[in-house]
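Coordinate analysis (summary)
Now for the letters of each chain:
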Amino acid sequence: MYSAFYLSKIKPFVILHHLRYRTIYPKDSDPPTFYPRVMRVPAPEALKSELCERMDSQTSRSGSSTSSGRTSVIDSLRGCTLAGVRIPKEELRKKLTLPEYMRLAMKEAVQAKNVEANTMTQLYQAAHSDGAEPPELPESPLVVFINSKSGGRHGPELKARLQALMGEEQIFDLLVVKPHEFVQYGLGCLEKFAALGDSCAKEIREKLRIVVAGGDGTVGWVLGCLGELDKHGRLPVPPTGIIPLGTGNDLSRSFGWGGAFAFNWKSAIKRTLDRIANGRICRLDSWHALISMPAGEELDTPYSLKATEEIPLDQELEVEGELAEKVSCYQGVFYNYFSIGMDAQVAYGFHHLRNEKPYLAQGPISNKIIYSGYSCKQGWFFTPCSSDPGLRGLNNILRIYVKTVNSPEWVQIPIPSSVRSVVALNLPSYGSGRNPWGTLKPEYLEKRGFVEAHADDGFLEIFGLKHGWHASLVMVELISAKHIAQASSIRFELRGGEWTEAYMQMDGEPWKQPMNKEFSTFVEIKRVTFQSVMVHGE
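This report concerns the structure included in the present document. (Residues numbered from 1 in each chain as written. Predicted model: local features only at pLDDT ≥ 70, side-chain atom pairs only at ≥ 80, totals over all residues. Heavy atoms only, no water.)

**Side note on the overall build of the chain**
The line we're drawing: Comment: elements are numbered from the N terminus, with helices defined as DSSP H or I runs of at least four residues and strands as E runs of at least two. Residue burial is assigned from relative accessible area. The probe radius is 1.4 Å, only protein chains are included, and a residue is buried under 20% of its type maximum, exposed over 50%, and partly exposed in between. Whether two residues touch is decided by their heavy atoms; if any such pair falls within 4.5 Å, the residues are in contact. A 1.4 Å probe and the Shrake-Rupley method give the accessible areas. Residues count as covered only by the protein chains that appear here.
Scanning the chain from N- to C-terminus turns up 17 helices and 20 strands. Expressed as a percentage of the 538 residues in the chain, the buried residues total 52%. For the chain, the proportion of contacts with a sequence separation of at least 24, taken over those separated by at least 6, is 79%. Summed over all atoms, the accessible surface of the chain reaches about 25,500 Å², with 52% contributed by carbon and sulfur.

**Observations concerning the packing of helix α9 (residues 179–195) against helix α11 (residues 216–231)**
Rules: With axes taken as lines fitted to C-alpha atoms, and helix axes fitted only over the stretch in contact, angles between N-to-C directions fall between 0 and 180 degrees. For any helix crossing, the convention is left-handed if the near helix is rotated counterclockwise from the far helix by under a right angle, and right-handed if that rotation is clockwise. Gly is placed with the polar residues, together with every amino acid not listed as nonpolar (Ala, Val, Leu, Ile, Met, Phe, Trp, Tyr, Cys and Pro) or charged (Asp, Glu, Lys and Arg).
Where α9 contacts α11, the two axes come as close as 8 Å, and the packing angle between them is 35°. The handedness of the crossing between α9 and α11 comes out as right-handed. Taken together, the residues of α11 that come into contact with α9 (itself represented by P179, H180, V183 and L187) are W221, V222, C225, L226 and L229. In the contact of α9 with α11, the residues fall into eight nonpolar, one polar and no charged.

**What about the pairing of strand β16 (residues 482–494)?**
This is how it is decided: Two strands are said to pair when DSSP picks up at least two bridges between them.
Among the 13 residues of β16, eleven are classified as buried, and the element is accordingly described as predominantly covered. In the sheet, strand β12 (residues 398–404) pairs with β16 via seven bridges, with the strands oriented antiparallel. Of the residues in β16, the one forming a bridge with K403 is S489. Across six bridges, the pairing between β16 and strand β19 (residues 521–527) is antiparallel. For I490, the partnering residue across the bridge sits in β19 and is I525.

**Quick look at the packing of helix α8 (residues 154–165) against helix α13 (residues 265–278)**
Keep this limit in mind: Any angle that is under 35 degrees is reported as roughly parallel, and any over 145 degrees as roughly antiparallel; angles of 65 to 115 degrees are reported as roughly perpendicular and all others as oblique.
Contact geometry of α8 with α13 gives a least axis separation of 11 Å together with a crossing angle of 55°. Comparing the axis directions of α8 and α13 gives the class oblique. α13 is crossed by α8, and the crossing has right-handed handedness. On α13, the residues touching H154, E157, L158, R161, L162 and L165 of α8 are W265, K266, I269, K270 and L273. Residues belonging to the contact of α8 with α13 are distributed by class as follows: six nonpolar, one polar and four charged.

**Some words on the nonpolar core**
Nonpolar side chains tend to gather and get buried jointly when the protein is soluble and globular. Our working rule: Put simply, a nonpolar core is a bunch of buried Ala, Val, Leu, Ile, Met, Phe, Trp, Tyr and Cys residues held in one set by side-chain atoms that sit within 4.5 Å of each other.
Ranked by internal contacts, the top residues of the largest apolar core, which has 71 residues, are L158, F182, I210, F255, L273 and L284. If near-sequence neighbours (up to four positions away) are discounted, I210 is found in contact with V143, F145, F182, V222, L226, P238, P239, T240, G241 and I276. In terms of nonpolar packing, the next biggest core, distinct from the first, is built from 36 residues, I415, V419, V422 and M506 among them.

**What about the pairing of strand β5 (residues 209–214)?**
The element β5 is largely enclosed, with a buried count of six among its six residues. Burial along β5 is two-sided: the face carrying R209, V211 and A213 and the face carrying I210, V212 and G214 are both buried. Sheet topology note: the strand β3 (residues 142–146)/β5 ladder contains five bridges and is parallel. Following the sheet pairing, V143 is matched in β5 by I210. In this sheet, strand β6 (residues 240–244) lies alongside β5 in parallel orientation, the contact comprising five bridges.

**With respect to the environment of E310**
Within the secondary structure, E310 sits in the loop between β9 (305–308) and β10 (327–334). Owing to a relative accessible area of 58%, E310 belongs among the exposed residues under this scheme. In sequence terms E310 and I291 are 19 residues apart; their C-alpha atoms lie 9.9 Å from each other.

**Re the environment of E100**
Its location among the elements puts E100 in helix α6 (residues 100–112). Overall, the relative accessible area of 54% leaves E100 in the exposed class. Here the alpha-carbon distance between E100 and E136, two residues 36 residues apart in the chain, equals 9.7 Å.

**What about unusual backbone geometry?**
For the bond from L235 to P236, the omega torsion is 0°, close enough to zero to count as cis. Position of P236 relative to the elements: it lies in the loop between α11 and β6. Backbone geometry at S432 places phi at a positive 70°, although glycine is not the residue there. Of note, the phi angle at D507 is positive, near 50°, even though the residue is not glycine. Structurally, D507 is set in the loop between β17 (501–506) and β18 (509–514).

**Some thoughts on the packing of aromatic side chains**
Let me state the cut-off plainly: Think of it this way: a Phe, Tyr or Trp ring, Trp meaning its six-membered ring, pairs with another when their centres are within 6.5 Å, and the plane angle makes it stacked under 30 degrees, edge-to-face over 60, tilted otherwise.
The full count for this structure, using the stated rule, is 13 aromatic pairs. Each ring, one from Y101 and one from F193, has its centre 6.1 Å from the other, and the planes form 20°; the classification is stacked. One end of the pair, Y101, is in helix α6; the other, F193, is in helix α9, and 92 residues separate them in sequence. The class of Y101 is buried, set by a relative accessible area of 10%. F193 gets classed as buried once you look at its relative accessible area, which sits at 1%. With a centroid separation of 6.2 Å and 45° between ring planes, the pair formed by F334 and F338 is classed as tilted. Since its relative accessible area comes to 0%, F338 is described here as buried.

**A word on the side chain of H483**
What counts, and what does not: Throughout this description, a polar contact denotes any pair of N or O atoms lying within 3.5 Å of each other; where both atoms belong to protein, one of them has to be capable of donating a hydrogen while the other can accept it, and for residues adjacent in sequence the pair is counted only when both atoms sit in side chains.
Looking at the element boundaries, H483 is found in strand β16. Separated by 2.9 Å, the side chains of H483 and Y444 make a polar contact. Discounting chain neighbours no more than four positions away, the residues touching H483 are W437, L440, Y444, R448, F450 and I462.

**Remarks on the pattern of salt bridges**
When their charged atoms lie close together, side chains carrying opposite charge are able to pair. Under the convention used in this document: Whenever Lys or Arg places a side-chain nitrogen within 4 Å of a carboxyl oxygen from Asp or Glu, that contact is recorded as a salt bridge.
Tallying each qualifying case throughout the model produces 15 salt bridges. Between E206 and K202 there is a salt bridge, with its nearest N and O atoms 2.9 Å apart. Of this pair, E206 and K202 both sit in helix α10 (residues 199–207), four residues apart, roughly one helical turn. Residue class for K202 comes out partly exposed when judged on its relative accessible area of 44%. Between D314 and K526 there is a salt bridge; the shortest N-O distance is 2.7 Å. Here the residue D314 occupies a position in the loop between β9 and β10, and K526 occupies one in strand β19, the gap between them amounting to 212 residues. A relative accessible area of 11% places D314 in the buried class.

**Digging into α9**
The test is simple: Expected helix span is computed as 1.5 Å times (number of residues minus one). To get the bend at a given residue, fit one axis to the seven residues ending there, fit another to the seven starting there, and take the angle between those axes.
In this model, α9 (17 residues) spans 23 Å end to end at C-alpha, consistent with the 24 Å of a helix rising 1.5 Å per residue. The largest bend along α9 measures about 30° and falls at G188. Of all 17 residues in α9, twelve are buried, a share of seventy percent or more. Those residues of α9 that fall on the buried side of the exposure criterion are P179, E181, F182, V183, Y185, G186, L187, G188, C189, L190, K192 and F193.

Below you can see the structure in the form of structure tokens.
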């Protein structure tokens, strides 16, 4: 009845519709049972396996760059048809849940912002008093950070579901508890108990894994706070898995967690937690960005950038011309990309509209529709960004210096005059799963002096987008972006002229960057020595 020819002709959403409306989801069932219209008999297993095999084969033939763009659809279809081996709720809870005294002590430490709180001491003494039962060590302890505002209506529902699957005190809502507070006090509590001789706390601290339920910004926020552990020698740094609740979810896609929240998330969440508990460990580069600009102009910084005292630029690269006597400095860390130009201007307009009229942005689909409208309104497609069309290109205000793959010395890289946006990309996923750098052939890599791009290779891929139409073709992967360089360190130098301001963004957080006609603004990007520890979903 379900031939390969039939499956090859119908669209994915038709398959989804066909399967979903013949499915009954018993409470906590893994996998679901299928019921045809006439007889109450299970649907053939051949259909499910044939569907999955066909999706896998089509994905592999299209290459890795295309597969990342379809991840969310495929994962959602699999979530509806292949829930995998049944995972009993109580068994999972036992595997993930910390002993009660430890959960309560961590919660108390975070709330009191004090690892020496009296309640913590009382809980520890009660757990280790004569006659007390020894604590049961969980096999795969997890702590979850959830951005309950992400994912539309799913955020609060997911939070409640997670609390039912493990200790309620192991779920931290980022609207209430910030990740640095958990790192300082929650993990500090475990470390204190371990120092007192609690072998259970010591082993849990060593085996602990983190789950982040949110978008790329939320994941980056948590990773940045976990990175502080390495700075202070508080090892090991817990590996991080992801439940995607954002719009783009490029970090999630890059590490095998999909690009969208699963359709049948209530049953799929158990399998996701089990995958995070048992998934393989991999690494992720992070990049430090330093902005040095003439003092006097105020910068409305996003969360990812913080004002800091004056930090000198790399002395190996001399600056041409005079420097401002007084400068203002900002610094931050990014994981996905840093960009300058028209794409950042569009993102800036979109974010301001969403903040002013939040009722317009109720989910990923509505966000993308609004974003597309801003692409036209802000000049990406039709309107020049200055009075003279010859001044549209970034080469009029921007110089790029890099340390390339084959050279430890700074070199200046020419910018094509047609480029209106420059992006430095760390991941193989950008703009909701696209790979604008492309999958390059070995001959081309050798000719350009590039290496194959990976999230932990120590290099950023720098590419340019010419205008909206060019960007559109790149994003549907008909063509690759304009390859500019592959670099281990980057310095952007901007000076005003006809432009009084530029637009920048870092991991989706945009801002308006004022520029000076007399003195340059510098953005210097270097790799952070510590690599974030990630759990891969595949």
